[in-house]
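A closer look at the structure
Residues per chain, in single letters:
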Amino acid sequence: MTASDPRTISSAGGHDSDTHPDVEAWVAEVAALTRPARIHWCTGTEAEAAEFSRQLVDKGTFVQLEDAPNSFLATSDPADVARVEDRTFICSDTAEQAGPTNNWMAPGRMKDLMTGLYDGCMTGRTMYVIAYCMGPLDAADPKYGIEITDSEYVALSMRIMTRTGNPVWDKLADNGREVEFVRGLHSVGAPLQHGDADVPWPCNSTKYISHFPQTREIWSYGSGYGGNALLGKKCFALRIASAMARDEGWLAEHMLILKLTNPQGKVHYIAAAFPSACGKTNLAMLTPTLPGWKAETIGDDIAWMRFGDDGRLYATNPEAGFFGVAPGTGDATNPNAIATLAAGNTVYTNTALTDNGGTWWEGRTDTPPDHLIDWLGRDWTPDTTTPAAHPNSRYCTPIEQCPTVAPEWNAPAGVPISAILFGGRRASTIPLVTQASSWEQGVFLGSILSSETTAAATGQVGVVRRDPMAMLPFLGYHAGDYFRHWLEIADHTRSDLLPKIFYVNWFRRGDDRRFLWPGFGENTRVLDWALRRIDGTADAVQTPIGSIPTLDALDLTGLDVDRADIEAALAFDTAEWQQEIPLIDDWYASLDATTIPVALRGQLAALAAALTDT
Ligand code: GTP
Ligand code: SPV
Ligand code: MN
């Protein structure tokens, strides 16, 4: 027996319930391959989290903050700051199943390759075994995952982002072998040979974020960053879950969930899909600017939607925390996020550090402090020309601390959705809001969603790309099949019970590059119109892409902006849409037009024809 034999590795942590036998076997198998110095079964307790934080402070990963309890700042390796889409793979049996929008490698080949990388990769480190549940533990069909990781930062973040620890181990033990779980293996890829000192942010320049949808497995290597390493989030809750949802007749989407109560006391729940760093968290924490409205938060990033017995689509938030974009978050734009953070228990990554032990980022306050330590650890003053915080700096904080969290955020059956919004970041062409005239047209608008790229993924920022349903980087299978699945959702119920679909754009700009629409809390005015459309009382003009509010139909009471700007934000511009058609043609062609459902090709043909007629 060698020192790396899993039977000689000390196991610590240890939850009280019996372990699921399949988990035990898998952990032993992974330990034999990765050869950690220790195995720690995560309990999810506060004492355990405190111990992880202490270790992270000791090794220089964390700075303990002084302006909020139990809060820490991590600064990452400068090369590990965002999702790596070019290193993300969907390893289904065939390339055709993954489709043209995904990187593909045959499962066997990827496993061989990554087994080589994993060989001894946890040497000198502790292997953490995290049991988690995406969504409420008492849901009818709870979806479990186990993440094995060699990162304390990941273990601590997963405790914020998911339901985890002893209650999940208990559920897994109670349910015996029948219960399924998604296996997620994560390593930062930085073994510590005997005597090696650790670095604050271990990672590897070789990165793989691999998904095996058929066997519901995730293998991640080389990165410690959120979406690459917190495997419950994009890897499970979107890429693997989208494949589960296709098989089981539901939807796993990159959507916020918001509860709105109008001045008459009527409640509507809405879901909205915007690409990364395009406004989901902000809309989810909306502070209404119209009198009498109340907005409450249910989720800010991911929605799982299933049909209820009443034929309506119900959404749950599979997560338990926010992993939100810091820049642009301030008292004026998102006071609810600021209040959530003030309660503490937060891990910040790649923001700047103030001289009194707090965090700062662009947009946190109007005037920056006179001195900061930037995310790269350098002195920063207002004269410095580079940003103090990385543009994709993030906070990881519990949803329960949000002052606007809706009591039903944890409801096992979810909340019935009245409206689905698709939105992107487009300087031109896309009106402030449009209501699709049918489910089919709504799915069409979702399928051609486009947005300027952001810092949430590595690569160029500000380039317009198609991002269907804001899911381009998160689809676990072929985009054409995904569109078909969306269309088929309509077959499950009566059309009047389906959510109404809207397309929004908070980011249209004037000739001077200014945003035409004030956004943030003022988005209430758009939601008010959308919900009055559903209730049948708001005026609209018909266009080839659906109904757009007349200027008078939008409640602009008390809004101090130029009406010409609002008109320009609302405009359906035929010439701009004529330029858009060849781009949409190219997009569909890039997917292989024959894989696009006939109904959507029909929608495109009808749109093109309507544009030539006008
Ligand atoms: P992910 O967490 O990456 O999925 O992003 P998200 O969609 O939750 O994005 P988030 O709400 O964090 O917004 C990202 C950026 O967009 C921030 O810098 C916001 O300040 C900005 N933003 C959000 N809403 C609006 C808006 O209505 N108008 C304008 N102009 N900017 C907005
Ligand atoms: C996104 O990029 O859409 C995020 C952050 O929400 S991450 O968890 O990194 O995917
Ligand atoms: Mn996201």
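Residues numbered from 1 in each chain as written. Chains lettered and ligands numbered in written order. Predicted model: local features only at pLDDT ≥ 70, side-chain atom pairs only at ≥ 80, totals over all residues. Heavy atoms only, no water.

1. Overview of the coordination of the manganese ion (ligand 3)
Put simply, the test is: Only nitrogen, oxygen and sulfur atoms count as donors, using a 2.8 Å cut-off from the metal that widens to 3.2 Å for Na, K and Ca. Water is left out, so coordination shells may look unfilled. A site with four donors is called tetrahedral when every donor-metal-donor angle falls between 85 and 135 degrees; four donors are called square planar, and six octahedral, when opposite donors sit more than 155 degrees apart and all other angles fall between 65 and 115; any other arrangement is irregular. Secondary structure elements follow DSSP: runs of H or I of four or more residues count as helices, runs of E of two or more count as strands, with numbering from the N terminus. Three exposure classes are used, based on accessible area relative to the maximum for each residue type with a 1.4 Å probe and protein chains only: buried under 20%, partly exposed in between, and exposed over 50%.
Coordination sphere of the manganese ion (ligand 3), protein contribution only: Lys234 (NZ), His254 (NE2) and Asp301 (OD), at 2.2 to 2.4 Å. Coordination at the manganese ion (ligand 3) is irregular, judged from the 6 donor atoms that bind it and the angles of 66 to 172 degrees they form at the metal. Positions of the donor residues of the manganese ion (ligand 3) along the chain correspond to the pattern K-x19-H-x46-D. Taken as a pair, Lys234 in helix H8 (residues 232–248) and Asp301 in the loop between strand S15 (294–299) and strand S16 (303–307) lie far apart in primary sequence, 67 residues in all. Look at Lys234 and you get buried, because its relative accessible area is 6%. Look at Asp301 and you get buried, because its relative accessible area is 10%.

2. A word on the sheet that holds strand S23 (residues 379–380)
Here is the rule: Criterion used throughout: strands pair if DSSP finds at least two bridges between them.
Read across the sheet, 4 strands follow the order S21-S20-S22-S23 without closing on themselves; strand pairing throughout is antiparallel. Looking at which strands have only one partner, the edges of the open sheet turn out to be strand S21 (359–360) and S23. Sheet analysis places strand S20 (residues 352–354) next to S21, joined by 2 bridges and oriented antiparallel. Across the sheet, residue Ala352 finds its bridge partner in S21, namely Trp360.

3. Considerations on the site of ligand 1
Filter applied, for reference: In these notes, residues near a molecule or strand are those with any non-hydrogen atom within 4 Å of it. Whenever a nitrogen or oxygen atom comes within 3.5 Å of another N or O atom, the pair is scored as a polar contact, on the condition that within protein one atom can donate a hydrogen and the other can accept it, and that pairs from neighbouring residues in sequence are kept only if both atoms are in side chains. Under the convention used here, a 1.4 Å probe and the Shrake-Rupley method define accessible areas, while residue burial counts only the protein chains that appear. Put simply, the grid is 1 Å and covers the protein atoms alone, a cavity is a trapped set of points that fit a 1.4 Å probe, a pocket is an open set with protein on both sides within 12 Å along at least five of seven lines, and lining residues have an atom within 4 Å of a point. Criterion for pocket placement: a molecule counts as inside a cavity or pocket if more than half of its atoms are within 2 Å of its grid points.
Neighbouring ligand 1 are 22 residues; Ala277, Lys280, Thr281, Asn282 and Arg394 lie closest to it. Cys278 places a polar main-chain atom, nitrogen or oxygen, 3.3 Å from an oxygen atom of ligand 1. Between Gly279 and ligand 1, the recorded distance is 3.0 Å, taken from a backbone N or O atom to an oxygen atom. A total of 660 Å² of accessible area belongs to ligand 1 in isolation, and the protein chains cover 92% of it. Taken atom by atom, the bulk of ligand 1 overlaps the largest pocket. Breaking the shell around ligand 1 down by element, the ones donating at least two residues are helix H9 (280–284) and strand S18 (321–325). Broken down by element, the residue count for the shell around ligand 1 peaks at 3 residues, all from H9.

4. Remarks on the pattern of salt bridges
In plain terms, the rule: Basic side-chain nitrogens of Lys or Arg form a salt bridge, by our definition, when they fall within 4 Å of a carboxyl oxygen of Asp or Glu.
Tallied over the entire structure, the rule returns 32 salt bridges. Residues Arg54 and Glu51 are paired through a salt bridge, measuring 2.9 Å at the closest nitrogen-oxygen approach. Of this pair, Arg54 and Glu51 both sit in helix H2 (residues 46–58), separated by 3 residues, roughly a single helical turn. Judged by its relative accessible area of 43%, Arg54 is partly exposed. Ionic pairing is found between Arg514 and Asp565, a salt bridge with its closest N-O pair at 2.9 Å. In this pair, Arg514 is assigned in the loop between strand S29 (500–504) and helix H13 (524–534) and Asp565 in helix H14 (residues 563–570), connecting sequence segments 51 residues apart. Residues participating in the shared-partner salt-bridge network are Lys233, Lys234, Lys280, Asp301 and Glu319.

5. Notes on the sheet that holds strand S4 (residues 72–74)
Selection rule: Here an angle of 0 to 180 degrees is reported between the N-to-C directions of two axes, which are lines fitted to C-alpha atoms, with helices fitted over the stretch in contact. Contacts: residue pairs with any heavy atoms within 4.5 Å of one another.
The strand order across the open sheet formed by 5 strands is S3-S4-S19-S24-S18, and the pairing between neighbours is mixed. Strand pairing shows two members of the sheet lacking a second neighbour, strand S3 (62–64) and S18, which therefore form its edges. This sheet shows a mean twist of 20 degrees between the axes of neighbouring strands, independent of strand direction. Judged from the 3 bridges that link them, strand S19 (residues 347–349) and strand S24 (residues 394–398) form a sheet pairing that is antiparallel. Looking at S24, one finds that Tyr348 is bridged to Tyr395. Contacting S3 and S4, H2 crosses the sheet at an angle of about 110 degrees to S3.

6. Some thoughts on the pairing of S18
For S18, a buried count of 4 out of 5 residues is recorded, marking the element as mostly surrounded by other parts of the structure. Both S18 and S24 contribute to a ladder of 5 bridges, which runs antiparallel. Note on S24: the bridge partner recorded for Phe323 is Cys396.

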